[in-house]
Amino acid sequence: MNAKVLIIEDELELGELVQLYLSKDGIDSDIAVSAEAGFENMSDTAYDLITLDINLPGMDGFEFLQKLRQKSEIPVLILSAREGDEDIVLGLGMGADEFVNKPFAPKVLVARIRALLRRVRSDLDHSASSSIIFDSFNLSPEGYHLEKNGERIILSTKEFEVLRFLVQNPGTAFSPDDIYQAVWGQEFGDISTVAVYIQRIRKKIEEDPSNPEYILTIHGRGYIFNERKLKDES
Ligand code: CA
C-alpha cells in the first residue's frame, strides 16, 4: 500500500519497531519523538495517517489531537498505554479514528493501519461504496452487514468482527493470538475462542466448512483470508 505515516512516539525503540513493520508492508514512515516535533514534520511533509502516543513529554497526545483537528482531518490512530474506556471516549471525542492498546503485536497494528487507510480512501472515493465484495458476498464493514446474492447472512458482532478483520487484510496469515488481540482488544485471553469463531463463520459462509475456500488454515501459522476470492475494486 502506498502511504506515508507519521509515528509520534517518544520511545524511539518502539517507534522504530513500528517503522520496521510498516516498511515490511511497503508503507513509508517518519518518527517524531514529541508532539511539537510532529507538527514540524507536518509542516514540510504530507502524511496519510498519524499514529499517536498519548504519554509524551511536553504537549501530550490529547493536546496534540485537539490542535491538529482545528486544521486537519488526517486519520489518527491512538496508541494508548493507559487502560480504560475514558481514554477512548476522550480521544474519540477529539476526533481520533482508531485505538490500539499497548502493548500490541506490531502485525496487528499494521493491519489496523491498513484497514484505516483503506476505509478513509474508500470514503473519499464516492464512486465506490465501502463494501468489500468476494465472490457472491458483499460485506459492509461499517454497517456490520454481510450478504450473499443479496440475502442477509446473520452473524454475531464478534463473528462479524473476526471475518471483517481477515477480509480487510487478505493474504496475510494471522495467529489466533493476533486475531484475539485485534478483535477482543486484549493481549491475553482465551485463545481457543478464536478457533470456535472461525468454525462458526465457516459454517455460515463456506460451501463445505471442513474444506474451506475463504478462510484457510495455514498449519502452524494461523488463518488467512484467500485473497483470490476478493474482487479488487480499488
Ligand atoms: Ca510515551
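Residues numbered from 1 in each chain as written. Predicted model: local features only at pLDDT ≥ 70, side-chain atom pairs only at ≥ 80, totals over all residues. Heavy atoms only, no water.

Here we look at the nonpolar core
A general feature of soluble globular proteins is that nonpolar side chains tend to end up buried together. In terms of nonpolar packing, the biggest core is built from 31 residues, with Leu146, Val162, Leu163, Leu166 and Ile179 touching the most fellow members. Mapped onto this core, the elements with two or more residues apiece are helix H5 (106-124), strand S6 (132-134), strand S7 (137-140), helix H6 (157-168), helix H7 (176-184), helix H8 (192-205) and strand S11 (222-225). Ranked by residue count, the leading element in this core is H6, at 6 residues. No fewer than three residues from each of domain 1 (4-124) and domain 2 (132-233) sit in this core. If sequence neighbours within four positions are ignored, isoleucine 179 has contacts with Val162, Phe165, Leu166, Phe174, Trp184, Val194 and Tyr223. Leu6, Ala35, Leu65 and Val76 belong to the second largest nonpolar core, which has 21 residues in total. (Core = buried A, V, L, I, M, F, W, Y, C linked by side-chain atoms within 4.5 Å. Buried < 20%, exposed > 50% of the residue type's maximum accessible area, 1.4 Å probe, protein only. Helix = DSSP H or I, 4+ residues; strand = E, 2+ residues; numbered from the N terminus. Domains from an automatic or database assignment. Contact = heavy atoms within 4.5 Å.)

Some points on the environment of isoleucine 74
If you trace the backbone, isoleucine 74 turns up in the loop between helix H3 (61-69) and strand S4 (76-80). Once the C-alpha coordinates of isoleucine 74 and alanine 96 are considered, the two residues, 22 residues apart in sequence, prove to be 9.4 Å apart. Dropping the residues within four chain positions of it, isoleucine 74 is found in contact with Met42, Tyr47, Asp48, Leu49, Ile50, Leu68, Arg69 and Asp97.

Side note on the coordination of the calcium ion
With distances of 2.2 to 2.4 Å, the protein atoms coordinating the calcium ion are Asp10 (OD), Asp53 (OD) and Asn55 (O). Accessibility expressed as a relative area gives 38% for asparagine 55, which makes it partly exposed. (Donors = N, O, S within 2.8 Å, 3.2 Å for Na, K, Ca; no water.)

Description of the packing of aromatic side chains
With the rule as written, the count across this model stands at 10 aromatic pairs. The interplanar angle of 80 degrees and the centroid separation of 5.3 Å between the aromatic rings of phenylalanine 137 and tyrosine 214 together place this pair among those described as edge-to-face. Taken together, the residues phenylalanine 137 in strand S7 and tyrosine 214 in the loop between H8 and strand S10 (215-218) connect sequence positions 77 residues apart. No difference in accessibility class separates phenylalanine 137 from tyrosine 214, as the two residues are buried. Ring geometry for phenylalanine 165 and phenylalanine 174: centres 4.6 Å apart, planes at 55 degrees, overall tilted. Pair check on accessibility: phenylalanine 165 and phenylalanine 174 agree, each one buried. Its guanidinium or amino end placed over the ring of tyrosine 21, lysine 24 lies 4.5 Å from that ring's centre, counting from NZ or CZ. It is lysine 229 that lies over the ring of tyrosine 214; its NZ or CZ is 5.4 Å from the centre. (Phe/Tyr/Trp six-rings, centres within 6.5 Å; stacked < 30°, edge-to-face > 60°. Lys NZ or Arg CZ within 6 Å of the ring centre and 35° of its normal.)

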